[in-house]
Each structure stands twice: as C-alpha cells, then as structure tokens.
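# Examination of the molecular architecture
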Amino acid sequence: MNGGGEEVDFEIGIVVPKKSSNDEDLSVDGVEVLVEELRKAGLVIERVQGLSDEFIKLAAPLETLGRVAAEITLKKRTKIGMDLAFEWEEVDAFVRQPDGSLFSWSERFRCYRHLIYGILNCGKSSYLLRSHGKEFHWNVGESLLMKLESEGIVKRVFPLHVETTRKRLLRNWALNWWDFTEQPINEIQSYFGTKIATYFAFLGMYTRWMLFPAVLGVVVQLVDFGSLQLLVLPVFFICVTLWAIIFFQFWKRKNSALLARWQLGSVPELDEGGKLLGIEGDPVQIPVEFLRNPGTDIMKVKKNFQRNEWFGFLMRFRNDAIIILSIICLQLPFELAYAHLYEIIGSDIAKFGLTAIYLVAIQYFTQIGGRISVRLIKKENNRCSEYQANSLVYKVYYPNHVIIWNCEQK
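Counting restarts for each chain: residues are numbered from 1 in the order of the written sequence. With pLDDT at 70 or above as the cut-off, local features in this predicted model cover only qualifying residues; side-chain atom pairs require 80 or more to be listed or tallied, and sums for whole chains, interfaces and linings still use all residues. Hydrogens and waters are ignored; side-chain quantities use all the structure's heavy atoms.

## Re the UniProt feature "transmembrane region" (unreviewed entry) in the protein chain
The positions UniProt marks with the feature "transmembrane region" (unreviewed entry) are residues 199-222, 228-251, 321-340 and 352-374. This span, residues 199-222, is 96% helix and 0% strand, and a straight line between its end C-alpha atoms measures 34 Å. Across residues 228-251 one finds 96% helix and 0% strand; the C-alpha atoms that close the span lie 34 Å apart. UniProt positions are given in the numbering used here, feature names are shortened, and annotations may be inferred rather than shown by experiment. The way it works is that DSSP assigns letters per residue, a run of H or I at least four long becomes a helix, a run of E at least two long becomes a strand, and they are numbered from the N terminus.

Structure, rendered in structure tokens:
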C-alpha cells in the first residue's frame, strides 16, 4: 500500500483448483460464490490461471482497510502520543508509518484476515454449494472461507509479494554494492517486519564496528614490537573484549531508538527493588505503589534492599574469583603440559596429532566452562538481563581469548 488511497497492491493470494468444464451452474459454485462475496466486502480481485490451480489475488483500497480497522477497534498511535482505537473519520490524527503508509503489514494482515474469514451466512437457512464434484452446505453463521478450506476447495491462503516494493528493495538494498553497510531499515521493517529488520540493522552495525578489530588485528600481525611482542596478544584480546562490551551497549541504544521509531514498546525488566517490595510491573511505578501501602516500614525495606544489593556484589566477586582460579589452576597447567610435550616431541606427525587432541579437548573445556558460567550467573542477584549479559561476557569471552592467545603463541 502506498498510503494514498489511489493505488492498491495485491497482498493476499487464495489457491483453488482450476474450474473444470463440467461446472456450469455458477450460482452454486463455491469458488464463484466466494469471489462474489469478496467483491461485496470491498476487495479488488484478480484471477490468474495456473497449470493445475487458480490463484485469486486480493487487494484492498485504503478506505476499506480503514473501515475494517475501525470495526475491529485496532489500536494505533496518535500524533499526541497516545494509543487509541482507530477511527476512519479521524484518520489525520493517527501517525503514519516511516515509509508513509497508514497501516503496517501486520495491521493490514489483521484487516485482511477479518475481511476474508468474516464472510458469514447471515441468512435464515443453509445454502447448497457445489464445486469440483463435491456438494456441501454452507450453514447459518458459518465462515465461507473456512468451509471451503475444510472441504479442500481452498488449498492455501498466503501473503503475496508487492512487486513494486520488492523491486525497489532489490535495487536500493540487495544490489546496492557501493553502500554495502547502508540499509533502508524503515522500508525493510515495513515490508518484512520488525524481526527481520532488527536482524539486518544489527548486521549492518556489526559490520561497520568490525573495522576496529580488523585494523587492530592487521597491525598486530604485521608489526614487529620487539621485546614487547609477548604483551601484544594479551593487550589485543583485552581491547577486543572492551570493544565487544562497548558494541553491546551502543547496539542496545540503537535497538531502543529503532523500536521507538517503529512505535513499538519494550517491557521493562523488573529490578531487585521491585522483587523486594513484592511489586510486579514497571520499576518506575514502584514508588507510587509503595506509597499506597501505608503499612510498609520504609527503613526496613531500604535496609533489605541494600543488604540484597551488597550480597549480589559479593556473589559476583565470588563467581569471578572462581573463574579466574579455574583458569590458573586448571587451564594453565593443561596449557603448560601441552607446550612442554610439543617442544620435546620431534616428529611432525606426532605434533600434528597432539595439536588435534589439544583442539578437541579445548572444545569440551569451553563447553563445560560455558555451562558452569551460566549456572554461576543464575546464582547472582543481577538486577536485569543486561547485568547478566555483561557478567556472561566476562566469564566466557575472556577465557576463550586466553585459549586463542595460547594457540597463537604456539
């Protein structure tokens, strides 16, 4: 949809068998009755003959979708920032999509579904229908499309590609080789949905941010630092770890900005203060709910919150210490043993076999270390998933880089 009401695009397809020459009475033909009812509902129809099936393409003018949206009380964001039930007469008061259209694809799909499945037998008796050698009754209050699906007449209902939009995205996005990190995110979100648009937004940002570790890796590989060579790789892995943490923070900011632009809200995490107060919901509302309970001892709750917060810090320190001691007491001796055996073995074949065993063992150690890290994180009193993700980075990402550093040294 272009949002202007002047031009429509076919967006829904219905697959039915091709009509045989024996079907002559069109007044009782199930497919013909369906097509006629769809026209009465305000849909634009185009029929395309295939090899064995017939494709009924459906499009809806903007006014038709608007009337249906008002009928199903679709909630939309207004220009004053409130979500209200849509009204066609007040269409100018509602915010349009970033691409200029009035409804998103998910909203249009809801309207289409209500239209095509909302064709009911409103008469006082059932209708006898025939199609492709079958006879069946369309009962009172029954959906015509669901009846045809149950009888096997309608094989499939599916969304269609909008060719104008698809070709524009193909030209400006998929085949745009010059700006390979620039993407029309708003058009992608409007056409493919939020999930796919978020994936490609992350992929584009990740590709741009990879420039820093790539350049740093080339410098580490090509430049000879002399006596400081032993310190180069540890510094490199520390820089990459810090880069990953900063990247995650900036991505969360961008993701929140995209959700706000697409008029999608995110559910805030319940922090530890809410758990202590026994209140579920938005942490911003906790003080209000807290004040409404006059029997609550403020100082007691504050002390409980502080005690729980310090206990969380101690748990975090303990878990980090466990990971560091595991690296020193378990991983380091294993690395030293491998390095010693690698030096004393003279055969290249034996060295190759030892390296293969070493890599296989490292894979198992990494999996075990990851599982232990996840269990340790579950024991921590992290306020939200953000703190859990940061803790996981420290516990899993850094030991893996230590392993890679040891491999490079050898």
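## What to know about the sheet that holds strand E3 (residues 53-59)
By the convention used here, strands pair only if DSSP detects at least 2 bridges between them. Pairing in this open sheet of four strands is antiparallel, and the strands run E2-E3-E1-E8 from one edge to the other. Here the strands that pair on one side only, and so sit at the sheet edges, are strand E2 (44-49) and strand E8 (156-159). Adjacent strand axes in the sheet meet at a mean angle of 25 degrees when their direction is disregarded. Whether two residues are in contact is decided by their heavy atoms, any of which lying within 4.5 Å being enough. The angle between two axes is taken between their N-to-C directions and runs from 0 to 180 degrees, where each axis is a line fitted to C-alpha atoms and a helix contributes only its stretch in contact. Where helix H1 (residues 30-40) meets the sheet, it contacts strand E1 (12-17), E2 and E3, and its direction lies at approximately 150 degrees from that of E2.

## A word on the packing of helix H8 (residues 211-222) against helix H9 (residues 229-261)
The contact between H8 and H9 brings their axes to 11 Å, and the two run at 180 degrees. One element, H8, and the other, H9, form an angle in the roughly antiparallel class. On H9, the residues touching Phe212, Pro213, Leu216, Gly217 and Val220 of H8 are Val232, Leu233, Phe236, Cys239 and Trp243. When residues are sorted by character, Ala, Val, Leu, Ile, Met, Phe, Trp, Tyr, Cys and Pro go into the nonpolar class, Asp, Glu, Lys and Arg into the charged class, and all the rest, Gly among them, into the polar class. For the contact of H8 with H9, a count of residues per class yields nine nonpolar, one polar and no charged. Oblique is the label for every angle not falling under 35 degrees (roughly parallel), over 145 degrees (roughly antiparallel), or within 65 to 115 degrees (roughly perpendicular).

## A few points about the packing of helix H6 (residues 185-192) against helix H7 (residues 194-209)
Packing of H6 against H7 leaves a shortest axis separation of 7 Å and a crossing angle of 150 degrees. Between H6 and H7, the angle is such that the two are roughly antiparallel. In the packing of H6 onto H7, the handedness of the crossing is right-handed. Here H6 contributes Ile185, Ile188, Gln189 and Phe192 to the contact with H7, which in turn contributes Thr194, Ile196, Ala197, Phe200 and Ala201. Tallied by class, the residues present in the contact of H6 with H7 amount to seven nonpolar, two polar and no charged. Here a crossing is called left-handed whenever its near helix is offset anticlockwise from the far helix by less than a right angle, and right-handed whenever the offset is clockwise.

## Some details on the pairing of E1
Using a 1.4 Å probe on the protein chains alone, a residue whose accessible area is under 20% of its type maximum counts as buried, one over 50% counts as exposed, and one in between counts as partly exposed. Of all six residues in E1, six are buried, a share of seventy percent or more. The alternating pattern of E1 places Ile12, Ile14 and Val16 and Gly13, Val15 and Pro17 on opposite faces, both of which are buried. As judged from the six bridges shared by E1 and E3, these two strands associate in the antiparallel manner. Bridge pairing links Gly13 to Lys57 in E3. Where E1 meets E8, four bridges bridge the pair, whose relative direction is antiparallel. By the bridge assignment, Val15 is partnered in E8 with Arg156.

## Thoughts on unusual backbone geometry
Residue Thr73 is not a glycine yet carries a positive backbone phi of 50 degrees. Relative to the helices and strands, Thr73 resides in the loop between helix H2 (62-71) and strand E4 (75-77).

## Some details on a nonpolar patch on the surface
Together, Leu211, Val215, Val218, Val219, Leu222, Val223, Phe225, Leu228, Leu231 and Val235 give the surface a local cluster of nonpolar side chains, amounting to about 900 Å² of exposed area. Listed by contribution, the elements that provide at least two residues to the nonpolar patch are H8 and H9. Top contributing element to the nonpolar patch by residue count: H8, with five residues. Its location among the elements puts Val215 in helix H8. Each patch is assembled from residues with relative accessible area greater than 30% and no salt bridge, linking like charges that lie within 9 Å and nonpolar side chains (Val, Leu, Ile, Met, Phe, Trp, Tyr) that lie within 5 Å. Exposure was quantified through the Shrake-Rupley algorithm and a 1.4 Å probe, taking into account, for residues, occlusion by the shown protein chains and nothing else. Salt bridge criterion: a side-chain nitrogen from Lys or Arg within 4 Å of a carboxyl oxygen from Asp or Glu.

## Here's the deal with the pairing of E3
Extensive coverage of E3 is indicated by the burial of five of its seven residues. Between E2 and E3, which pair antiparallel one after the other, the connecting turn spans three residues.

## A look at the nonpolar core
Ranked by internal contacts, the top residues of the largest apolar core, which has 40 residues, are Leu38 and Leu58. Of all the secondary structure elements, the ones that give two or more residues to this core are E1, H1, E3, H2, helix H3 (105-117), strand E7 (134-138) and helix H4 (144-150). Not counting residues within four places of it along the chain, the set of residues in contact with Leu58 comprises Asp9, Phe10, Glu11, Ile12, Ile14, Leu38, Leu43, Val44, Ile45, Tyr112 and Ile116. Residues grouped as a nonpolar core are buried Ala, Val, Leu, Ile, Met, Phe, Trp, Tyr and Cys residues, joined through side-chain atoms within 4.5 Å.

## Some points on the packing of aromatic side chains
Any two rings among Phe, Tyr and Trp, with Trp reduced to its six-membered ring, count as a pair given centres within 6.5 Å; such a pair is stacked if its planes are under 30 degrees apart, edge-to-face if over 60, and tilted if neither. Evaluation of the coordinates by the stated rule reveals 18 aromatic pairs. The ring of Phe158 has Arg156 lying over it, and the distance from NZ or CZ to the ring centre is 5.1 Å. Whether a charge sits over a ring comes down to the Lys NZ or Arg CZ being within 6 Å of the ring centre and within 35 degrees of the ring normal. The ring of Tyr342 carries the charged tip of Lys351 above its face, separated from the ring centre by 5.1 Å.

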